Amino acid sequence: MPLRLFTICLFLVFMVFVCEVTMPFQVWWQLGYVIVIFYMLQYPQQTRYAILLGIITSMLIATGYIISLQWSESVQDFPIERGLSLLAIWLGVYFSIRFKAQLDREIKQREQLNAVFNNATEGMLIVNEQGEIVLVNIYAQLMFGYNEGELVDRSVEELLPAGLRSAHRQHRQGFMSSPQSRPMGVGRELTAKRKDGSEFPVEVSLSYFRSEEGPFAIAFVLDMTERKKAREKLIEEKILAQSYFELAPVLFVVLDTKGHVISVNDYGCQHLGYSKDAVMGRHFTEFMPEDGRIDALGRFDRLLDGSSNEFQNESIVRNSRGEEVEMSWRKTAIRDKDGVAVAVLSAGIDITEKKRQEKLTILHHAAIQNLNDDLEIKIRNRTAQLNEAVHK
């Protein structure tokens, strides 16, 4: 098509040149050149051919002028008209090039916008003042289960359950009368309806723009189904973890980086006879005998500075009655994404009874060993006496 158009225009230019040469001194032939060039410039995408045609036409006009100089001096040529023709031709070419460049930029921007619009990972709908959908991206079509083009010109309320449509219509009219952008972070969570009638949770944020046709709303829609399931599962896991934290037969204590108690479970408070209020905010060494505090602080500092991520130890803790309770601890540093310690989790088990049983066992073993030693001595003495009596 471009080459065909160029060929036709080139033929017309040569026809004008032939007419000019055969029927000289007609100012209208200069107008013929301009008309052909401007016809070519109607198609700004053919700028290269328009420039080439302009060069050829300029050469033909110059050639015509040279030929006219050979004619009788009694006949007047039209040099001004020829100059104006050249000026008109190249002004047309210049503005055609400018227009082509602008058109290319607009096409490129439109393609980029279409790419962003259609490849967005969230549903996007543009709605006019009457609530009609005028544009929808591919993701939104898939989200709501519609084929291409089915949502255009439909009312946006059709994407909501019947019970929500009236209230949404009022909200939409209020937004259109006083539009303001609302980011996704503060978006409104709604229930939407697919083409098959199934409902699903969505979060919607809004923006807007105005044109000659009036205000338009841009709705950004996120399907919250999976996120809602994940959130519900997280809540369940949190409840389960909190239940274990509170009810497990283990003393759980969370300390800040200065060693103060920031959390303690119910079991630990009940086992040691303290209320939570009596424990929260106090330094962990306050519950230890003085002779064990220095070693405990050293281990705590090594845990925070990264010398060790966790350690196990045994220590003495005083309960609310002042009694000493022997505990076995497993302490772990809780770190942020940069590896900096932000807290320490201590899990302790009361081993007082275990230690008492171990001591009793040692005492029993010692007593049995003493009895065995005494018995061996008595047996050796008795044996010696019998041997002596036999030899007599």
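Let me sum up the structure you'll find in this document.

Rules of the game
All residue numbers here refer to positions counted from 1 along the written sequence of the relevant chain. In keeping with the model being predicted, local features are shown solely for residues with a pLDDT of at least 70 and side-chain atom pairs are shown and tallied solely at 80 or more, while totals for entire chains, interfaces and linings include all residues. Just so you know, side-chain values use all the structure's heavy atoms and leave hydrogens and water out. Numbering of helices and strands runs from the N terminus, with a helix taken as a DSSP run of H or I at least four residues long and a strand as a DSSP run of E at least two residues long. Three labels apply to residues, based on accessible area from a 1.4 Å probe with only protein chains included: buried if under 20% of the type maximum, exposed if over 50%, partly exposed otherwise in between. The protein chains shown are the only cover counted for residues, whose accessible areas, like all others here, come from Shrake-Rupley with a 1.4 Å probe. Salt bridge, as used here: a side-chain nitrogen of Lys or Arg that lies within 4 Å of a carboxyl oxygen of Asp or Glu. Think of it this way: a Phe, Tyr or Trp ring, Trp meaning its six-membered ring, pairs with another when their centres are within 6.5 Å, and the plane angle makes it stacked under 30 degrees, edge-to-face over 60, tilted otherwise. Look at NZ for Lys and CZ for Arg. If either is within 6 Å of the ring centre and within 35 degrees of the ring normal, a charge sits over the ring. By definition here, a helix of n residues has an expected span of 1.5 Å times n minus one. Our arc is simply the arc of the directions from the helix axis toward the C-beta atoms. In what follows, a contact means two residues having at least one pair of non-hydrogen atoms within 4.5 Å. Nonpolar side chains (Val, Leu, Ile, Met, Phe, Trp, Tyr) within 5 Å and like charges within 9 Å form the patches, drawn only from residues with over 30% relative accessible area and no salt bridge. At least two bridges found by DSSP between two strands are what make those strands a pair. The term polar contact refers here to a pair of N or O atoms within 3.5 Å; inside protein, the definition further demands a hydrogen-donor-capable atom paired with an acceptor-capable atom, and it admits residues adjacent in sequence only when both atoms are side-chain atoms.

Let's talk about the overall build of the protein chain
When its secondary structure is counted, the protein chain shows 11 helices and 10 strands. Counting every position in the protein chain, which comprises 392 residues, the buried fraction comes to 33%. In the form shown here, the protein chain has an accessible surface area of approximately 25,100 Å², with 58% of it arising from carbon and sulfur atoms.

As for the pattern of salt bridges
The tally for this structure, following the rule as stated, stands at nine salt bridges. Note that Arg 172 is salt-bridged to Glu 157, the shortest N-O span being 3.0 Å. Within this pair, whereas Arg 172 is found in helix α6 (residues 162-177), its partner Glu 157 is found in the loop between α5 (138-144) and α6, the two being separated by 15 residues in sequence. Residue classification places Arg 172 among the buried residues on the basis of a relative accessible area of 11%. We classify Glu 157 as buried; its relative accessible area is 2%. A salt bridge links Arg 356 to Glu 353; the nearest nitrogen and oxygen atoms lie 2.6 Å apart. Taken together, the residues span about one helical turn, with Arg 356 and Glu 353 both in helix α11 (residues 352-391) at a distance of three residues.

Observations regarding the packing of aromatic side chains
Taken as a whole and judged by the stated rule, the model has four aromatic pairs. Residues Phe 209 and Phe 216 carry aromatic rings whose centres are separated by 5.2 Å and whose planes lie at 10° to one another, so their mutual orientation is stacked. Residue classification places Phe 216 among the buried residues on the basis of a relative accessible area of 8%. Between Tyr 274 and Phe 287, the ring centres sit 5.3 Å apart and the planes meet at 85°, which makes this aromatic pair edge-to-face. Residue Tyr 274 is located in the loop between α8 (266-272) and α9 (276-279), and its partner Phe 287 is located in the loop between α9 and α10 (293-304); the two are separated by 13 residues in the primary sequence. When its relative accessible area of 9% is taken as the criterion, Phe 287 is described as buried. Positioned above the aromatic ring of Phe 200 is the side chain of Arg 194, whose terminal nitrogen or guanidinium carbon lies 4.0 Å from the ring centre. Here the guanidinium or amino end of Lys 331 rests over the ring plane of Trp 329, the centre of that ring lying 5.7 Å away.

Observations regarding α10
Its 12 residues place the ends of α10 17 Å apart at the C-alpha level, agreeing with the 16 Å of an ideal helix rising 1.5 Å per residue. Inspection of α10 places Ala 296, Phe 300, Leu 303 and Leu 304 among the buried residues, and these make up the whole buried set. Seen from one end, α10 has its buried residues packed into an arc of 95°, which puts them on one side. Buried residues along α10 sit against β6 (251-255), β8 (310-318), β9 (324-335) and β10 (341-350). Trailing α10 by a residue or two, Gly 306 shows a phi angle of about 90°, which is positive.

Digging into a nonpolar patch on the surface
Where nonpolar side chains cluster on the molecular surface, the patch consists of Ile 8, Phe 11, Leu 12 and Met 15 and spans about 370 Å² of accessible area. Here Leu 12 lies in helix α1 (residues 2-22). With a relative accessible area of 35%, Leu 12 lands in the partly exposed category.

Some remarks on the pairing of β10
Looking at chain direction, β6 and β10 are connected through five bridges and run antiparallel. Each residue of the ladder has a partner; that of Leu 255, found in β10, is Val 344. As judged from the nine bridges shared by β9 and β10, these two strands associate in the antiparallel manner. From the neighbouring strand, Trp 329 faces β10, where its bridge partner is Gly 348.

Topic: the side chain of Asn 137
Checked against the element boundaries, Asn 137 lands in the loop between β2 (133-136) and α5. Engagement of the side chain of Asn 137 in a polar contact is seen with the backbone nitrogen of Ala 140, the distance being 3.1 Å.

Examining the environment of Arg 282
Summarising the element assignment, Arg 282 is placed in the loop between α9 and α10. C-alpha separation for the pair Arg 282 and Ile 262, spaced 20 residues apart in sequence, amounts to 8.6 Å. Apart from residues lying up to four places away in sequence, Arg 282 is in contact with Gly 259, His 260, Val 261, Tyr 274 and Phe 287.

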